[in-house]
Amino acid sequence: MKLKFLTIKRKTVLAVILTMLIIVGGFTTFFTVRANASPKPLHTIVIDAGHGGIDGGAVGKTSGIDESHLNLQYAMALKSLCEKFGLGVVMTRSDMNGLYDISAPNKKKSEMAKRKQIIESSNADIVVSLHMNSFPLSSARGAQVYYAIGNDSGKALAESVGASLNQSIDYAKKTAKVGDYYVLNCTNKAGILVECGFLSNAEEEKLLISEDYKIKFCYNLLCGILKFYEM
Ligand SMILES: [Zn+2]
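Draft legend 1. Here's a closer look at the coordination of the zinc ion. Around the zinc ion, the protein contributes the donor atoms His51 (NE2), Glu67 (OE) and His131 (ND1), at 2.1 to 2.2 Å from the metal centre. Ordering the donors of the zinc ion by residue number gives the pattern H-x15-E-x63-H. Of the two residues, histidine 51 sits in the loop between strand E1 (44-49) and helix H2 (67-84) while glutamate 67 sits in helix H2, which places them 16 residues apart along the sequence. In this structure, histidine 51 and glutamate 67 share a single accessibility class: buried.

Structural data, given as structure tokens:
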């Protein structure tokens, strides 16, 4: 009788241990799956909204909108799309404040140093700087992608984005150009500067400030980035 009782007790203990192991195993699997649900992004991109603070950049001919405003709107739209596609994003600015130190005697120099510091301290592999163009001749229009001379990966990225924009965005130039811009020259990462369009062209300005066009533009920009990663 006593022996039987002990046998039952041992069986019960074993059953409890097994149940506990299953529960613990289940939890481990659950947390592993949860952790894998948002893995570390394979690629991270710096999105740079050009200008900011006292530097408004170009001004919309009809709407009067500051380029710095529009650059930020495009940067935020691109950020949101990138994140949906699993890319990590580092922003140089997420509001209308300038990147310069407010007490700096030379704000332009201070701003440039800050942009470089954000780019170089990030773990990003590419940099996308967003701008809006302006030209005295109001007929000038169309997006243009630039890269730094001697930066082969920047050139490949620029060509990929140029081709992608050219497919879906009217007047977007397919051929990428060399551009002498600090934001491109300050890093060895694959950098491009995208002039999204001309605020000096009334028709293009109207498109650039519309929500639908902004999303369409950023989506096609992202397609060019994703194609570059596939290369
Ligand atoms: Zn600009």
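Draft legend 2. Representation of H2 within the structure. The end-to-end C-alpha distance of H2 is 26 Å, a good match for the 26 Å that 18 residues give at a rise of 1.5 Å each. All of the buried residues in H2 are Glu67, Ser68, Leu70, Asn71, Leu72, Tyr74, Ala75, Ala77, Leu78, Leu81 and Cys82. In this fold, the buried residues of H2 make contact with E1, strand E2 (88-91), strand E3 (126-133), strand E6 (190-198), helix H6 (202-208) and helix H7 (211-230). One or two residues past the end of H2 sits glycine 86, with phi positive at roughly 80°.

Draft legend 3. Expanded view of the sheet that holds E2. Spatially, six strands are ordered E2-E1-E3-E6-E4-E5 in an open sheet, and the strand pairing comes out mixed. This sheet does not close on itself; its edge strands, each paired only once, are E2 and strand E5 (177-178). Relative to E5, strand E4 (residues 144-147) runs parallel, the two being bridged by two bridges. Opposite tyrosine 146, over in E5, you have lysine 177 as the bridge partner. Against the sheet, helix H4 (residues 152-168) makes contact with E3, E4 and E6, and its axis sits at roughly 30° relative to E6, the strand it touches most.

Draft legend 4. Region of the structure containing the packing of H4 against H7. The interhelical angle for the contact between H4 and H7, taken along N-to-C directions, is 140°, at an axis separation of 8 Å. When the axes of H4 and H7 are compared, the pair comes out oblique. The element H4 and its partner H7 pack so that their crossing is right-handed. Here Ser153, Ala156, Leu157, Ser160, Val161, Ser164, Leu165 and Ser168 of H4 lie close against H7, whose contacting residues are Lys216, Phe217, Asn220, Leu221, Cys223, Gly224, Ile225, Lys227 and Phe228. A breakdown of the residues in the contact of H4 with H7 according to their chemical character gives nine nonpolar, six polar and two charged.

The rules behind the values
Going along each chain's sequence as written, the residues are numbered from 1 onward. Given that this is a predicted model, residues contribute local features only at a pLDDT of at least 70 and side-chain atom pairs are listed and counted only at 80 or more, while totals for whole chains, interfaces and linings are drawn from all residues. To get the side-chain values, take all heavy atoms of the structure and skip hydrogens and water. The rule for donors is simple: N, O or S, within 2.8 Å of the metal, or within 3.2 Å if the metal is Na, K or Ca. Water isn't counted, so a site may look like it is missing partners. Labels follow the DSSP assignment, with helices taken as runs of H or I lasting at least four residues and strands as runs of E lasting at least two, numbered in each case from the N terminus. Whether a residue is buried, partly exposed or exposed follows from its accessible area with a 1.4 Å probe, protein chains only, as a fraction of its type maximum: under 20%, in between, or over 50%, in that order. An expected span of 1.5 Å times one less than the residue number is assigned to each helix. Pairs of residues are marked as contacts when any of their non-hydrogen atoms sit within 4.5 Å. What makes two strands pair is DSSP finding at least two bridges between them. Axis definition: a line fitted to C-alpha atoms, over the contacting stretch in the case of helices. Angles run 0 to 180 degrees between N-to-C directions. What sets the label is the angle itself: under 35 degrees gives roughly parallel, over 145 gives roughly antiparallel, 65 to 115 gives roughly perpendicular, and the rest give oblique. For a crossing to be left-handed, the near helix must be turned anticlockwise from the far one by less than a right angle; the clockwise case is right-handed. The classification used treats Ala, Val, Leu, Ile, Met, Phe, Trp, Tyr, Cys and Pro as nonpolar, Asp, Glu, Lys and Arg as charged, and all other residues, Gly among them, as polar.

Function cannot be inferred from these measures alone, as they are strictly geometric.
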